[in-house]
Amino acid sequence: MAIKLTMSGKFMTATLLPQVLGIALFIGLWGLIALTSPNLPGPIKTWDSAVELFSNPFYENGPNDQGIGWNILSSLQRVGIGFGLAALIGIPLGFMVGRFDFLDKMTSPIVSMLRPVSPLAWLPIGLLVFKAANPAAIWVIFISCIWPMIINTAMGVRQLPQDYLNVARVLKLSEWKIFTKILFPATLPFVLTGIRLSIGTAWLVIVAAEMLTGGIGIGFWVWDEWNNLNVEHIIIAIFVVGMIGLLLEKILVWLAKRFSY
Amino acid sequence: MNTLQKYVLAENVRMSFDTKQGKFVALENINLRISKGEFITLIGHSGCGKSTLLNLFAGLLAPSSGFMFCAGREIAGPGPDRGVVFQNHSLLPWLTCFGNIHLAVERVFGATESPLQLKQRTLEALALVHLSHATDKYPHEISGGMKQRVGIARALSMQPNVLLMDEPFGALDALTRAHLQDELMKIVAATQSTVVMVTHDVDEAVLLSDRIVMMTNGPAATIGSTLDVDLPQPRDRMALASNTHYHLLRSEVLKFLYQKHAKTAA
Ligand SMILES: Nc1ncnc2c1ncn2[C@@H]1O[C@H](COP(=O)(O)OP(=O)(O)O)[C@@H](O)[C@H]1O
Ligand SMILES: [Mg+2]
């Protein structure tokens, strides 16, 4: 009991205190800047606005006026679908690229050239091909997720220690057993890193993509509030996007920890 | 001569590797006959080609020329009839001790035995190396010596014709090593295994082997000499300490390593 108490006391001073202090300083600074610049709402005004906004997050006033909850869910859904498709194609492709040198050499110039391109540059192509905003936004997410998925999965396969392959050879395991008992578990941590990077980028990109495509979504919501000159809501959106991004990251790090050996 | 006396066989084996600097001949003119039930150690300076020779027996490498046989058949690749204990244990970290051994047991006996029998075999293998208490532990949860014992249990669980071990105790502290050597002697006596073991430890070689195969330095290393260890079984390390014949054999090996084939400082 005593140990627990001192532990939690230590946690308070070592972890919680600096964090609270940092946040308080940040809010103080923000309040100060807001005092000198009349267009920027301060923390208190923003807080009041947030309380009102989140008192009814799931209202629906026709297709273009919906609660912030719906906007967040729509964005998450796009990220989910775009990421899911990228994983469905990227992970098997990564396994093959990692396993077969020929395929690696075939794909590596294309991947290296396309990877540095901002996924938003692919938006017009998406609009052209799909002729609709929603699939085009998903397409952009797909593009932002596909490169980290392929690259990290392939890296995981390539780094597979020779020792494990020797075990497989000595036991003369079947290809299926090699995949399920050796290749897949050995590569899983790398795949999870790919997933984490993908989701991180996707969440960055979705806000910008939705600003361009419109519809329901946190990105378009920000754009809409800018047009309404509702700056409090824009600041709230920044916090919401940040917190959801942090939450996604935390979940994926926790998942990766569970599968690291 | 019957197959029992040439149970494992290497004839005029030569092994060369293709490197960036051209061909590198690691082993040349290797001739070795191992009887069934014999315990052989390969000893030689670091880099002389001990692991290479062991991997040839394992089938992980194919000789550049010459022939290798095991139990009357040419060695065409690795197979569960030759159990390998790797230097760094090579356990799969995502499987428990049970899972690691079960993978091997399932591979060898899965077609002919029931799941219950396979489980029984796995547990027996763990019991053989006194690790029943670690059945459900993961490799990172057990000590280096225990990992090496799981590696040995995995190799033995396949009931191989030959047990091949590459410096299995090399990375362990002296006390753990001595303990595992004693355990290995008991297991080998009980299972009548044929063993080829790589070591760089003279005491280990004399204690365990029926015959010590001493290798010259590379490149193009070969078998310089073999030494019959005619000490009675079972052997006891305490009794051997005051045995003059043991010391004679030991100095034979030392003479080979440090006089006839001393390694020139690199
Ligand atoms: N795959 C390989 N390619 C090139 N050279 C190798 C390869 N494997 C081993 N060698 C060389 O063969 C020699 C013997 O190596 P090894 O059998 O590992 O020695 P030991 O186990 O006796 O220390 C060394 O000079 C090593 O550099
Ligand atoms: Mg070696």
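Data block above holds the structure.
Residues numbered from 1 in each chain as written. Chains lettered and ligands numbered in written order. Predicted model: local features only at pLDDT ≥ 70, side-chain atom pairs only at ≥ 80, totals over all residues. Heavy atoms only, no water.

Engineer: Help me out: how do you make sense of the overall build of chain B in this one?
Structural biologist: The number of helices and strands found in chain B is 8 helices and 10 strands. Relative to the globule expectation of 18 Å for 266 residues, the C-alpha radius of gyration of chain B, 19 Å, shows essentially globular dimensions. Projected onto its principal axes, the C-alpha coordinates of chain B cover approximately 55 × 45 × 40 Å. Out of the 266 residues belonging to chain B, those deemed buried represent 52%. Nonlocal contacts in chain B, meaning residues at least 24 apart in sequence, comprise 68% of its contacts between residues at least 6 apart. In the structure as shown, chain B presents an accessible area of about 12200 Å², 53% of it carried by carbon and sulfur atoms. (Helix = DSSP H or I, 4+ residues; strand = E, 2+ residues; numbered from the N terminus. Rg over C-alpha atoms; globule rule 2.2 N^0.38 Å. Buried < 20%, exposed > 50% of the residue type's maximum accessible area, 1.4 Å probe, protein only. Contact = heavy atoms within 4.5 Å. Areas by Shrake-Rupley, 256 points an atom, 1.4 Å probe, with all protein chains shown as cover.)

Engineer: Would you mind showing me how to read the nonpolar core here?
Structural biologist: Across soluble globular proteins, you tend to see nonpolar side chains buried next to one another. Counting residues in each nonpolar core, the largest one holds 94 residues, and the members touching the most others are Ile195 and Ile218 of chain A together with Leu27, Leu53, Phe57 and Leu164 of chain B. Per-element accounting of this core gives the leading share, 15 residues, to helix H8 (residues 175-213) of chain A. Apart from the residues within four sequence positions on either side, Leu53 of chain B is in contact with Leu27, Ile30, Leu42 and Met215 of chain B. (Core = buried A, V, L, I, M, F, W, Y, C linked by side-chain atoms within 4.5 Å.)

Engineer: Sorry, what's going on with the site of ligand 1 here?
Structural biologist: Residue and element names in this part refer to chain B. Taken together, Phe17, Thr19, Phe24, Ala26, Ser46, Gly47, Cys48, Gly49, Lys50, Ser51 and Thr52 are the residues near ligand 1. Ser51 is positioned such that a nitrogen or oxygen atom in its side chain is 2.7 Å from an oxygen atom of ligand 1. In this structure, Thr52 approaches ligand 1 through a side-chain N or O atom, which is 2.5 Å from an oxygen atom. Protein contacts shield 61% of the accessible area of ligand 1, which totals 560 Å² for the unbound molecule. The dominant element in the shell around ligand 1, judged by the number of residues it contributes, is helix H1 (residues 50-58), at 3 residues. (Near = heavy atom within 4 Å. Polar contact = N/O pair within 3.5 Å; in protein donor to acceptor, adjacent residues only side chain to side chain.)

Engineer: Where do I start with a nonpolar patch on the surface in this structure?
Structural biologist: All names here are of chain A. On the surface, a cluster of nonpolar side chains totalling about 510 Å² of accessible area is made up of Ile23, Phe26, Ile27, Phe239 and Met243. If you list the elements that add at least two residues to the nonpolar patch, you get helix H1 (2-36) and helix H10 (231-258). Considering each element in turn, the nonpolar patch owes the most residues, 3 residues, to H1. With respect to the element layout, Ile27 can be found in helix H1. (Patch = residues over 30% accessible without salt bridge, like charges linked within 9 Å, V, L, I, M, F, W, Y side chains within 5 Å. Salt bridge = Lys/Arg side-chain N within 4 Å of Asp/Glu carboxyl O.)

Engineer: What should I look at first to understand the interface of chain B and chain A in this one?
Structural biologist: One frequently used descriptor of interface size is the decrease in accessible area upon assembly of the parts. Across the contact, 20 residues belong to chain B and 15 residues belong to chain A. Where chain B abuts chain A, roughly 1700 Å² becomes buried across the two surfaces, and 71% of that area is made up of carbon and sulfur atoms. At the junction of chain B and chain A, the tally comes to 1 salt bridge. A salt bridge links Lys177 of chain A to Glu106 of chain B, with the shortest nitrogen-to-oxygen separation between them at 3.1 Å. The tally of links between chain B and chain A comes to 6 residue pairs in polar contact (both at pLDDT 80 or more). Put simply, the parts of the chain that give the side of chain B that touches chain A at least two residues each are strand S6 (82-85) and helix H2 (97-109) of chain B. Residues belonging to the side of chain B that touches chain A are distributed by class as follows: 12 nonpolar, 4 polar and 4 charged. (Buried area = accessible area lost by both parts, 1.4 Å probe. Nonpolar A, V, L, I, M, F, W, Y, C, P; charged D, E, K, R; others polar.)

Engineer: Is there a simple way to explain the pairing of strand S2 (residues 22-34) of chain B in this structure?
Structural biologist: The side chains of a regular strand alternate, first on one face of the sheet and then on the other. Residues and elements named next belong to chain B. Here strand S1 (residues 8-19) pairs with S2 via 9 bridges, running antiparallel. Residue pairing for S2: Asp18 is matched across the bridge by Lys23. Between S1 and S2, which pair antiparallel one after the other, the connecting turn spans 2 residues. (Pairing = 2+ DSSP bridges.)

Engineer: Just checking my understanding: could you explain H1 of chain B for this structure?
Structural biologist: Quick reminder: α-helices carry 3.6 residues per turn. Residues three or four places apart thus point the same way. All names here are of chain B. With respect to burial, H1 is a largely interior element, 7 of its 9 residues being buried. Along H1, the residues that are buried comprise Lys50, Thr52, Leu53, Leu54, Leu56, Phe57 and Ala58. Where H1 ends, the next residue or the one after it, Gly59, has phi of about 90°, a positive value.

Any link to function would need more than the numbers given here.
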